[in-house]
Amino acid sequence: MIDSSGRRFIGLLDPQRDGLYTRALAATGSAGSAETCIQRAVRGAFREFVQGQTPREFSAWVQRHLEDQIRAMASTDLSVGATRPAAPATDAMPADVWARVAAAIQIEAVKIHGATEEGDEALLAYDPLLVPKKKSPPTDDLSDGLNLSPWSRFVVAATIVLIIGVVATVVLTTRHAPPEGQTPTTQPTTTRPMP
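Let me begin by describing the structure that accompanies this report. (Residues numbered from 1 in each chain as written. Predicted model: local features only at pLDDT ≥ 70, side-chain atom pairs only at ≥ 80, totals over all residues. Heavy atoms only, no water.)

**With respect to the overall build of the chain**
For the chain, the count of helices and strands is six helices and zero strands. Each helix and strand of the chain, placed in order from N terminus to C terminus, yields the pattern α-α-α-α-α-α. For the chain, contacts bridging at least 24 residues in sequence account for 70% of all contacts bridging at least 6. (Helix = DSSP H or I, 4+ residues; strand = E, 2+ residues; numbered from the N terminus. Contact = heavy atoms within 4.5 Å.)

**Looking at the environment of D91**
Take D91: it is sitting in the loop between α4 (58-76) and α5 (95-113). Discounting chain neighbours no more than four positions away, the residues touching D91 are D18, Y21, T22 and L25.

**A look at the nonpolar core**
Ranked by internal contacts, the top residues of the largest apolar core, which has 29 residues, are F9, L13, I38, L66, V101 and I105. If you list the elements that add at least two residues to this core, you get α1 (5-13), α2 (17-28), α3 (31-50), α4 and α5. Per element, the largest residue contribution to this core is eight residues, and it comes from α3. (Core = buried A, V, L, I, M, F, W, Y, C linked by side-chain atoms within 4.5 Å. Buried < 20%, exposed > 50% of the residue type's maximum accessible area, 1.4 Å probe, protein only.)

**Notes on the packing of aromatic side chains**
Considering all chains together, one arrives at seven aromatic pairs under this definition. Between F49 and F58 the ring centres are 6.3 Å apart and the planes differ by 80 degrees, which places this aromatic pair in the edge-to-face class. Grouped by ring-pair contacts, the aromatic residues F9, F46, F49, F58 and W61 constitute a single cluster. (Phe/Tyr/Trp six-rings, centres within 6.5 Å; stacked < 30°, edge-to-face > 60°.)

**Considering the packing of α1 against α3**
Two elements in contact, α1 and α3, have axes separated by 11 Å at closest approach and are oriented at 125 degrees. The angle between α1 and α3 falls in the class oblique. Here the hand of the crossing between α1 and α3 comes out right-handed. The residues of α3 that touch α1, namely those facing S5, G6, R8, F9, L12 and L13, are V42, A45, F46, F49 and V50. Counted by class, the contact of α1 with α3 contains eight nonpolar, two polar and one charged residues. (Axes fitted to C-alpha atoms, helices over the stretch in contact; angles between N-to-C directions. Parallel < 35°, antiparallel > 145°, perpendicular 65-115°, else oblique. Left-handed = near helix turned anticlockwise from the far one by under 90°. Nonpolar A, V, L, I, M, F, W, Y, C, P; charged D, E, K, R; others polar.)

**What to know about the pattern of salt bridges**
Across all of its chains, the model carries seven salt bridges by this definition. One salt bridge connects R23 with E67, and the closest N-O pair in it is separated by 2.7 Å. With R23 in helix α2 and E67 in helix α4, the pair connects residues that are 44 residues apart, well separated along the chain. According to the relative accessible area criterion, R23 is partly exposed, its value standing at 30%. R100 is paired through a salt bridge with D96; the nearest N and O atoms lie 3.4 Å apart. Here R100 and its partner D96 are both found in helix α5, four residues apart, which amounts to about one turn of the helix. (Salt bridge = Lys/Arg side-chain N within 4 Å of Asp/Glu carboxyl O.)

**Re the packing of α2 against α3**
As a packed pair, α2 and α3 sit with axes 8 Å apart at the nearest point and diverge in direction by 125 degrees. On the basis of the axis angle, α2 is oblique to α3. Note on packing geometry: the crossing formed by α2 with α3 is right-handed. Contacts from L20, Y21, A24, L25 and T28 in α2 reach A31, S33, A34, C37 and I38 in α3. Among the residues making up the contact of α2 with α3, the classes are represented as eight nonpolar, two polar and no charged.

As structure tokens, this is what we get:
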């Protein structure tokens, strides 16, 4: 399989993701702002990476993009540039943040190359962290009973019994009974005399 530029970029970015997150978190003060800052910086760096403008020092180059993005966010939001206590150096990038950053790089790659085979660019296999969570099934087992709730099953059963009772009553009351005093007689069959 041909290695795409998106995969190569993600592979180069992976070892320094915790350092990028720590720096962005220290500069912005919130996890959401740090993620936004990282995504913007990484997308810009990836565009340059695809154009072949990657310097030898990949780590310092991506860090410079992050610093540029922090300055850009500080100019629009005064709370980003405020003095903050230093964040601990052990801040690891959460897995869901990394999954969204990797997905942003993949989306950027598809925007640049297109989703054709010539661009050898395709989205990586789905990430379980990005799959929407399914709602838990109801506690009542609806697989039997025509997928009806217990109350609905009771109403259906009672209706069926009621209908059978009404039909049986109508059939039994409308049968023609012989008049009183007469007993049903059987007619003898006529036989022919023997020749």
